[in-house]
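Here are the chains, one letter per residue:
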Amino acid sequence: MSMFRRVQRGAGRVSVQEAASRTGHGSAAEGTVDAVLLDVRESNEWHAGHAPRAVHLPLSALAAGAGLPPHAQALPLIVICRSGTRSRQAAELLAARGAAAVDVIGGMSGWAKAGLPVVDARGERGTVA
């Protein structure tokens, strides 16, 4: 069963490891990207630290009707926030709009705890705010 298959009760969920693998952040997944990591945290959180190559679109903007950047429309979406609450809301909103979207259990907190890369707005080592 594909992790992007929509279920009747909304969007699915994936582990941090699965998210990293599908978005090219896992050690075994270098060069293998079949999904976009969409970070829905607010700008101050994003600037403090985010996954490299993630796309930023705050949940507040998404809920207000903002669209995805064109390059993020071509692949399934793996949605992430700090802990998993906002990403779950965003994934369900995107799924209701017809997008293939899942959220990351544990969010960026879990991402950082797993030792996955986090960079700040300057591309240096970041922190999860």
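In what follows, the structure referred to is the one given above.
A quick note: this is a predicted structure, and the numbers were derived from the prediction, not measured.

Engineer: Describe in detail the sheet that holds strand β3 (residues 55-56), supporting the description with residues and values.
Structural biologist: The strand order β1-β5-β4-β2-β3 describes an open sheet built from 5 strands, whose pairing is parallel. Strands with a single pairing partner mark the edges of an open sheet, and in this sheet they are β1 (12-14) and β3. Two elements, β1 and strand β5 (residues 101-104), share 3 bridges in a ladder whose sense is parallel. Counted as the bridge partner of Val14 is Val104 from β5.

Engineer: Describe the side chain of Arg41, naming the residues involved and giving the relevant values.
Structural biologist: Among the structural elements, Arg41 can be located in the loop between β2 (36-39) and α2 (43-48). You can call Arg41 buried: its relative accessible area is 0%. If we ignore the near neighbours within four places in the chain, the residues touching Arg41 are Trp46, Gly49, His50, His56, Pro58, Ile80, Cys81, Arg82, Arg86, Met108, Val128 and Ala129.

Engineer: Mind laying out the pattern of salt bridges, listing which residues take part and the relevant values?
Structural biologist: Summed over all chains, the structure comprises 9 salt bridges. Notably, a salt bridge pairs Glu92 with Arg88, separated by 3.5 Å at the nearest N-O pair. Here the residue Glu92 and the residue Arg88 both occupy positions in helix α5 (residues 85-96), the gap between them amounting to 4 residues, near one helical turn. Residue Glu92 is classed as partly exposed on the basis of its relative accessible area, which comes to 32%. The exposure class of Arg88 is partly exposed, given its relative accessible area of 26%. Here Asp120 makes a salt bridge to Arg122, at a shortest N to O gap of 3.1 Å. The network of salt bridges with shared partners includes Arg13, Arg88, Glu92 and Asp103.

Engineer: Can you break down the nonpolar core residue by residue, with the values?
Structural biologist: One finds Leu38, Val40, Leu68, Leu77, Val79 and Leu94 to be the most contacted residues of the largest nonpolar core, which totals 19 residues. Contributions of two or more residues to this core are made by β2, α3 (59-63), β4 (77-80) and α5. Among all residues touching Val40, those that are not within four sequence positions of it are Leu57, Pro58, Leu59, Val79, Ile80, Cys81, Arg86, Ser87 and Ala90. If you look at the next biggest cluster of nonpolar residues, it comprises 17 residues, including Ala19, Ala20, Ala51 and Met108.

The rules we used
- Along each chain, the written sequence defines residue order, and numbers are assigned to residues from 1.
- Predicted model: local features are reported for residues with pLDDT of at least 70 only, side-chain atom pairs are reported and counted for 80 or more only, and whole-chain, interface and lining totals are derived from all residues.
- To get the side-chain values, all heavy atoms of the structure are used, and hydrogens and water are removed first.
- Paired strands are those between which DSSP finds at least two bridges.
- A run of H or I in DSSP counts as a helix once it spans at least four residues, and a run of E counts as a strand once it spans at least two, with each numbered from the N terminus.
- When a residue's accessible area, from a 1.4 Å probe over protein chains only, is under 20% of the maximum for its type it is buried; when over 50% it is exposed; and in between it is partly exposed.
- In what follows, a contact means two residues having at least one pair of non-hydrogen atoms within 4.5 Å.
- Any carboxyl oxygen of Asp or Glu that lies within 4 Å of a side-chain nitrogen of Lys or Arg is treated as forming a salt bridge with it.
- Only buried residues count toward a nonpolar core, which is a set of Ala, Val, Leu, Ile, Met, Phe, Trp, Tyr and Cys residues joined through side-chain atoms within 4.5 Å.

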